[in-house]
Amino acid sequence: MRELRDIRGLHPRNLTQRQRLLVIFVTGLAAVVLFYTVIYNWGMETLENRPQSIFRSFQTVVETMTTTGYGADSPWTTPVMNVLMVTIQLTGVVIGFVTLRVLVIPLFERTPLNLDDRLTSKNDHVVIAEYRRDTYVLLDELEELDVEYVLIESDEEEAKRLSDDGYQAINGDPEERADLDRASIERASLLITDAGDRTASIVLTALEANEDLRVISFTESTRRKAALAEVGVDRSVAPHALIGERLAEKATTPVAVGASPEPGDVDIREILVRRDSPLHGVRVRDSPIATHPNLTLVAGWFDGELRLPPSPDEPLTPNTVLVVAGPGGEIDEMATEISGIRARRLVAPSRVIVAGLGEGGIAAVSTLPDDVAVTTVDESAERDPDYVGDVSEPETLRAAGIEEASALIVTVSDDSIALLTIAIARSLSDDVEILARVTEAAKTRAAFRAGADYVLSTQRVSARLVASEVHGERVMDPTSQIRIVRAEAAPFAGETLGDVRQNGERGWTVVAVSRDGAVLTDERTAIERDDEVFVAGSDDGIQAFDQTFRPG
């Protein structure tokens, strides 16, 4: 990625202030030498009556400007030529001082004179006013998407370190208008702020400079959303609460299918890529599920993002949950054949344990459906959990009913405790589905090794939220459920199931055909006018399908 940034830096628009100064200096120097060469060549022929080649004149000009000597041309007899030579000499001395200041001295200085000199020209960019999480994760995400940005970092050493690593970072106080101006706030399109109690001051100052600015703020608590909206924040994000909601939604009803399918009907289920699956790194298009003639890959959850359908080039990771439609028996056979993958019928678990009642745990509890039995565990009695105790102790988990639970949601604040809780829970129950939140992105792999089935990192989710907001997309939306409906097949008559499934940009797909009481899922099946089709998609996708093919 660093090499790609270096290549992009060659474009004039992406040159830093220092690089632009260097280009101007070199161009100007060349222009001065060329000008003196032409004038000198004319003077030798016209004034001195000693015509010579332009290259000889070029050599003499360079010798004069660098004070290395004049060769065979000196002396000159006319006053004009002598004045010209003195002018060239003085110009050479001035250029020498400029070269020393612009090129030589900075090369021997340990730190740059000004981090602003490293900024490229900005317009319609993102200004990040402080970021209290892993900054490298966020900036790498933006650079991967080729998003222009400027980070204002109040810690001088951190700002220098980021700038030295090639990131667009400056040292400053985002509460100060002058420092926001250094980041070209008046030309920015989006402000991201993660500054705690300083957020309101930063937002108000930025909006004074650019009233059209869109503002996104990270906050530790959802209780501040109303206040932040009053000062001009367009969207407030509480990552811990958002992840808690997502884990709860994932543990209970990630797919809504209505009534349970009857034998021979179309079923829709999850296939969870577990931590020890051999499919890790395999692209969706190469997975046995995608190539199965009677099964349809409807959607997939990738690191908390719902993709309907998933990209064929998307690699499968331990965080992948595939949503598959087709005959229930064949789905079970597929899951059984593939070691390390577990299929789960999409019904709400009977009992969920929530370990940790901070912001994320509270959000998870409030998101769980009323018909799910919830048991909460926390070491603080002030949070009023069902069980008070250390969730990393086996006795505490046993008392909470880990051996009978269908899912465990881990939302403790410390990654070390989270990893230990996952490992102990897995040792007590091999069947419980463990969904966890970790803070550091680097801890995700360790959580899988400890035994988790599904892990979300606060750092990674926060970075992707920023990236998705830049593109105007919503991510981690708990309301994006998947449904399956029956519809008349007349609009698709004459096409095969495979043909109808090709267009995956609509938010819905045809997964099967019902004909004379039989359900056909082979992609080679030709759809007839009197058939019925099973259509699967998100709520919005099914609504769009109804408006297009079932109006009224």
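For the structure, check the block above.
Residues numbered from 1 in each chain as written. Predicted model: local features only at pLDDT ≥ 70, side-chain atom pairs only at ≥ 80, totals over all residues. Heavy atoms only, no water.

Novice: Quick rundown of the pairing of strand 2 (residues 149-153)? Include the residues and the values.
Specialist: Taken residue by residue, a regular strand's side chains alternate between the two faces of the sheet. When you tally the buried positions in strand 2, you get five out of five residues, the bulk of the element. As paired strands, strand 1 (residues 126-129) and strand 2 are joined by four bridges and run parallel to one another. In the strand pairing of strand 2, Ala129 is matched with Ile152. Looking at chain direction, strand 2 and strand 3 (residues 169-171) are connected through three bridges and run parallel. By the bridge assignment, Leu151 is partnered in strand 3 with Ala169. Chirality of the crossover, the property in question, places the unit of strand 2, helix 6 (residues 156-164) and strand 3 among those that are right-handed. (Buried < 20%, exposed > 50% of the residue type's maximum accessible area, 1.4 Å probe, protein only. Helix = DSSP H or I, 4+ residues; strand = E, 2+ residues; numbered from the N terminus. Pairing = 2+ DSSP bridges. Right-handed = clockwise from strand over helix to strand, strands pointing away.)

Novice: Let's hear about the packing of aromatic side chains: which residues, and what values?
Specialist: Scanning all chains against the criterion turns up nine aromatic pairs. Taking 5.8 Å as the distance between ring centres and 50° as the angle between the ring planes, the aromatic pair formed by Phe35 and Tyr36 counts as tilted. Three or more aromatic residues joined by ring pairs form one cluster here, namely Phe492, Trp508, Phe545 and Phe549. (Phe/Tyr/Trp six-rings, centres within 6.5 Å; stacked < 30°, edge-to-face > 60°.)

Novice: Account for the sheet that holds strand 14 (residues 387-388), naming residues and giving values.
Specialist: What the six strands build is an open sheet, ordered 14-13-12-15-16-17; its pairing is parallel. This sheet does not close on itself; its edge strands, each paired only once, are strand 14 and strand 17 (454-457). Across five bridges, strand 12 (residues 351-355) lies against strand 13 (residues 373-378) in parallel orientation. Within the sheet, the bridge partner assigned to Ile353 lies in strand 13 and is Thr375.

Novice: I'd like a description of a nonpolar patch on the surface, backed by residues and values.
Specialist: A grouping of Leu34, Val38, Ile54 and Phe55 is seen on the molecular surface, where their side chains present a nonpolar patch of about 430 Å² in accessible area. The set of elements that each furnish at least two residues to the nonpolar patch consists of helix 2 (17-46) and helix 3 (54-65). Tracing the backbone through its elements, the reader meets Leu34 in helix 2. (Patch = residues over 30% accessible without salt bridge, like charges linked within 9 Å, V, L, I, M, F, W, Y side chains within 5 Å. Areas by Shrake-Rupley, 256 points an atom, 1.4 Å probe, with all protein chains shown as cover. Salt bridge = Lys/Arg side-chain N within 4 Å of Asp/Glu carboxyl O.)

Novice: Lay out the sheet that holds strand 2 in plain terms, naming residues and giving numbers.
Specialist: On the basis of which strands lie adjacent, the open sheet formed by six strands has the order 3-2-1-4-5-6 and parallel pairing. On the outer flanks of this sheet lie strand 3 and strand 6 (235-237), each paired with one strand and no other. Taken over all neighbouring pairs, the strand axes of this sheet differ in orientation by 20° on average, direction set aside. (Axes fitted to C-alpha atoms, helices over the stretch in contact; angles between N-to-C directions.)

Novice: Any details on the pattern of salt bridges? Residues and values, ideally.
Specialist: In this structure the tally under the stated criterion is 25 salt bridges. We note a salt bridge from Lys160 to Glu156, for which the minimum N-O separation is 3.3 Å. On the criterion of helical spacing, the pair formed by Lys160 and Glu156 is a turn pair, its members being four residues apart in helix 6. In this structure Glu156 comes out as partly exposed when scored by relative accessible area, which is 44%. One connected set of salt bridges, linked through shared partners, spans Glu130, Asp173, Glu175 and Arg198.

Without other data, these values stay purely geometric and don't point to any function.
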